[in-house]
Each structure stands twice: as C-alpha cells, then as structure tokens.
Amino acid sequence: AQKVTQAQTEISVVEKEDVTLDCVYETRDTTYYLFWYKQPPSGELAFLIRRNSFDEQNEISGRYSWNFQKSTSSFNFTITASQVVDSAVYFCALSENNYGQNFVFGPGTRLSVLP
Amino acid sequence: GAVVSQHPSRVICKSGTSVKIECRSLDFQATTMFWYRQFPKQSLMLMATSNEGSKATYEQGVEKDKFLINHASLTLSTLTVTSAHPEDSSFYICSARATGHAPAQHFGDGTRLSIL
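Every value quoted in this text rests on a predicted model; they were computed, and no experiment measured them. (Residues numbered from 1 in each chain as written. Chains lettered and ligands numbered in written order. Predicted model: local features only at pLDDT ≥ 70, side-chain atom pairs only at ≥ 80, totals over all residues. Heavy atoms only, no water.)

1. Observations regarding the overall build of chain A
Broken down by element type, chain A carries zero helices and 12 strands. Along chain A, helices and strands appear, N-terminal first, in the series β-β-β-β-β-β-β-β-β-β-β-β. Here the C-alpha atoms of chain A give a radius of gyration of 14 Å, agreeing with the 13 Å that 2.2 N^0.38 yields for 115 residues. Considering only C-alpha atoms, chain A reaches an extent of 40 × 25 × 20 Å along its principal axes. Expressed as a percentage of the 115 residues in chain A, the buried residues total 44%. By sequence separation, contacts in chain A at least 24 residues apart represent 56% of the contacts at least 6 residues apart. Within the structure as shown, chain A displays about 5,600 Å² of accessible surface, and the carbon and sulfur contribution to it stands at 48%. (Helix = DSSP H or I, 4+ residues; strand = E, 2+ residues; numbered from the N terminus. Rg over C-alpha atoms; globule rule 2.2 N^0.38 Å. Buried < 20%, exposed > 50% of the residue type's maximum accessible area, 1.4 Å probe, protein only. Contact = heavy atoms within 4.5 Å. Areas by Shrake-Rupley, 256 points an atom, 1.4 Å probe, with all protein chains shown as cover.)

Here it is, written out as structure tokens:
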C-alpha cells in the first residue's frame, strides 16, 4: 500500500529564513508520481510540482526547490528566504500513475512565517 | 487551462437537509473525477472515484447511500450529502483527471459544509 509521511506537523520560522519540509513515501510501484500542494487558509489547493519516479533531478522554481532522493524515498521541499505569504499547509502526495489512481496525500505540514 | 469549478464554495444548513455540490471541468473533459473530504487540521481523504456513465467507487467506510455521486457528463460530477448531520460538516474537494495534462489531477476550490 502507498503511504506518505510528513513528520513535521507544524513549523514556525521568521521571515527571510530558509525552511525545508520533509516528505517520505512508501510504494511498491516502480513508476509513480510525487506532488506538492499548497493550501492557504482559504482552502483551495494550489499545485506546486509534479515529479515522476524516473526523474531524480532536483528542481528550482524561484524561491522553491525540491530534492528527490529515491534511495531514501524522500521528496523534500525547501523555501528560501521565506515570506509571510508562504504561510499555509503544504501537502506532499503520491500517485501510482499519471492518471490519478491511488492518489494519496500526506498529513500535511502547517508552515507559519512570522514577520 | 485545466480549470475545475466547484460550487457552492460554502453551505450552511440545518440538520436533515440534503446538500448538492457540483464539480465541473471547464475547459477539458474528465472521464474520472474524485471526491475528497478534509476535516479541520487533517489531510484530504479520498471518498470516492466517479466515472462518467457508471457507478462511483467508494472507499472503505464511506456510505454510498449517504454520499450520492452522479457523473452524468464528461464535465460534471455531483456529490449529494443526503440528510446531512453535524458530523458531516467538513471541507469537500473535488478533482478531475485530465489525460495528457500535468498535473494528473486538477482540484476545485472546495466546498465548506456546515450543518447546524
């Protein structure tokens, strides 16, 4: 069975600090997809990134970066120079294929960025 | 592209009322839609998978007679919470699968249901 663990329930940082959100996954599939979503207090999910299991390249998008380590089954997310607007709940998710079957969310990490 | 519209965004109603939530894919066809429920400070839990033209597949522990799902067209799925009670109060989110697009699922903005 697939499982996603986000060990950090809540994180608080001061603005401009860097912060890393951890994500560890379990799956028996050799092909799978990993996602990160942001959920602000208003509730809507914002897609951040999708990564397939064959692409272990790290990715950087502005202040966001992702580190995919297949050897440790981790897909960590780093926000550099955090801002108050980054405050939200962040979910890591795993899907067994590109069509959304068996889409499993982690428990989420609540990030609070203090001014 | 790949926008999913969910309506209403918020519902407050009395216990015993049935509530219908709509999920529409605005610019793509969705043969499969998913319904999730999220309780406060918890993660999203899949309730059911809705396939156009066929019966929905419910996750274990989700009452199909309580949560009626209809996916009559390639752009619309509805979730009806029948005879809602306070314990059904939650945040309901739909998503639609668009083949050939990334990400695999496109999420609606959610419906916050409060049963008094």
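2. Things to note about the nonpolar core
Note on soluble globular proteins: their nonpolar side chains tend to be buried together. Among the nonpolar cores identified, the biggest contains 26 residues, and Phe28, Trp35, Phe67, Leu79, Tyr92 and Leu113 of chain B are the most heavily contacted of them. At the level of elements, β2 (10-13), β3 (19-25), β4 (32-38), β5 (45-51), β7 (67-73), β8 (76-81), β9 (90-97) and β11 (111-115) of chain B are the ones that each hand at least two residues to this core. For Leu79 of chain B, the residues in contact, after removing those within four places along its chain, are Val19, Lys20, Ile21, Trp35, Phe67, Leu68, Ile69 and Tyr92 of chain B. Grouped together as the second largest cluster of nonpolar side chains are 23 residues, Leu21, Phe68, Tyr90 and Leu94 of chain A included. (Core = buried A, V, L, I, M, F, W, Y, C linked by side-chain atoms within 4.5 Å.)

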